[in-house]
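Here is how the chains run, residue by residue.
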Amino acid sequence: MKVLLSAIAAATMLMAGSAHAVDAAAAKALAQKSGCLACHSVDAKVLGPAYKDVAAKYKGDKGAEAKLIAKVKAGGSGVWGNIPMPANSPQVKDEDIKTIVEWVLSL
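Residues numbered from 1 in each chain as written. Predicted model: local features only at pLDDT ≥ 70, side-chain atom pairs only at ≥ 80, totals over all residues. Heavy atoms only, no water.

As annotated in an unreviewed UniProt entry, the protein chain carries the name C-type cytochrome and is attributed to Methylophilus glucosoxydans.

Participant: For the confidence of the model for the protein chain, give the residues involved together with the corresponding values.
Facilitator: For the protein chain, per-residue confidence averages 86 on the pLDDT scale, and residues scoring 70 or more make up 81% of the total. In the predicted structure, residues 1–19 sits below a pLDDT of 50 and forms 0 contacts with residues beyond four places in sequence or in another chain. (pLDDT = per-residue confidence, 0-100. Contact = heavy atoms within 4.5 Å.)

Participant: How would you sum up the packing of helix H2 (residues 24–33) against helix H5 (residues 94–106)? Please name residues and give values.
Facilitator: In the contact formed by H2 and H5, the axes pass within 9 Å of each other and the chain directions differ by 120 degrees. Put simply, H2 runs oblique to H5. Note on packing geometry: the crossing formed by H2 with H5 is left-handed. Of H5, the residues touching H2 (which contributes Ala24, Ala27, Lys28, Leu30 and Ala31) are Asp96, Thr99, Ile100 and Trp103. Each residue belonging to the contact of H2 with H5 can be placed in one class, and the counts come to 6 nonpolar, 1 polar and 2 charged. (Axes fitted to C-alpha atoms, helices over the stretch in contact; angles between N-to-C directions. Helix = DSSP H or I, 4+ residues; strand = E, 2+ residues; numbered from the N terminus. Parallel < 35°, antiparallel > 145°, perpendicular 65-115°, else oblique. Left-handed = near helix turned anticlockwise from the far one by under 90°. Nonpolar A, V, L, I, M, F, W, Y, C, P; charged D, E, K, R; others polar.)

Participant: Any chance you could break down the nonpolar core for me, citing the residues and the numbers?
Facilitator: With 18 residues, the main nonpolar core has Ile97, Ile100, Val101, Trp103 and Val104 as its most contacted residues. Within the residue set of this core, elements represented by two or more residues are H2, helix H3 (51–58), helix H4 (64–74) and H5. Of all the elements, H5 adds the most residues to this core, at 5 residues. If we ignore the near neighbours within four places in the chain, the residues touching Ile97 are Ile69, Val72, Lys73, Asn88 and Val92. (Core = buried A, V, L, I, M, F, W, Y, C linked by side-chain atoms within 4.5 Å. Buried < 20%, exposed > 50% of the residue type's maximum accessible area, 1.4 Å probe, protein only.)

Participant: Hey, could you go over the state of the cysteines for me, with residue numbers and the actual values?
Facilitator: Counting across every chain of the model gives 0 disulfides. Counting only cysteine sulfurs, Cys39 is the nearest neighbor of Cys36, a cysteine outside any disulfide, at a range of 8.8 Å. Judged by its relative accessible area of 29%, Cys39 falls in the partly exposed class. (Disulfide = S-S within 2.5 Å.)

Participant: Summarise the side chain of Asn88; cite the residues concerned and give the values.
Facilitator: Here Asn88 shows up in the loop between H4 and H5. The buried category is assigned to Asn88, whose relative accessible area is 13%. Of the polar contacts made by the side chain of Asn88, one reaches the backbone oxygen of Pro86; its length is 3.1 Å. With sequence-adjacent residues up to four places away left out, Asn88 is seen in contact with Val72, Lys73 and Ile97. (Polar contact = N/O pair within 3.5 Å; in protein donor to acceptor, adjacent residues only side chain to side chain.)

Here's what the structure looks like:
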């Protein structure tokens with residue numbers, strides 16, 4: 001009985017930890033549909049930075065998600081070079097931007 005309870009507790013903790021996990025394939029498809037992959041890729045700089053480079057730059061930054069969501073919505077330039085990123089709101093829904101940013105930060 002004790003072993004069964006331990007297994008249930010471990011499974012519950014595992015599920016709780018992955019409750020906010022991003023579905024990488026769905027998020028990448030969303031980025032493609034939203035036009036993000038015209039200027040970015042996962043592994044290499046295109047016009048904008050590689051998403052893995054973005055994830056590395058903001059690793060450990062607790063405010064990164066909010067900063068990046070705001071940046072994707074409003075657009076901007078100067079952080080990664082001179083080429084500006086256009087605003088992506090309102091043409092990309094806020095919840096889609098959040099999903100894409102969560103995915104990028106998970107890389």
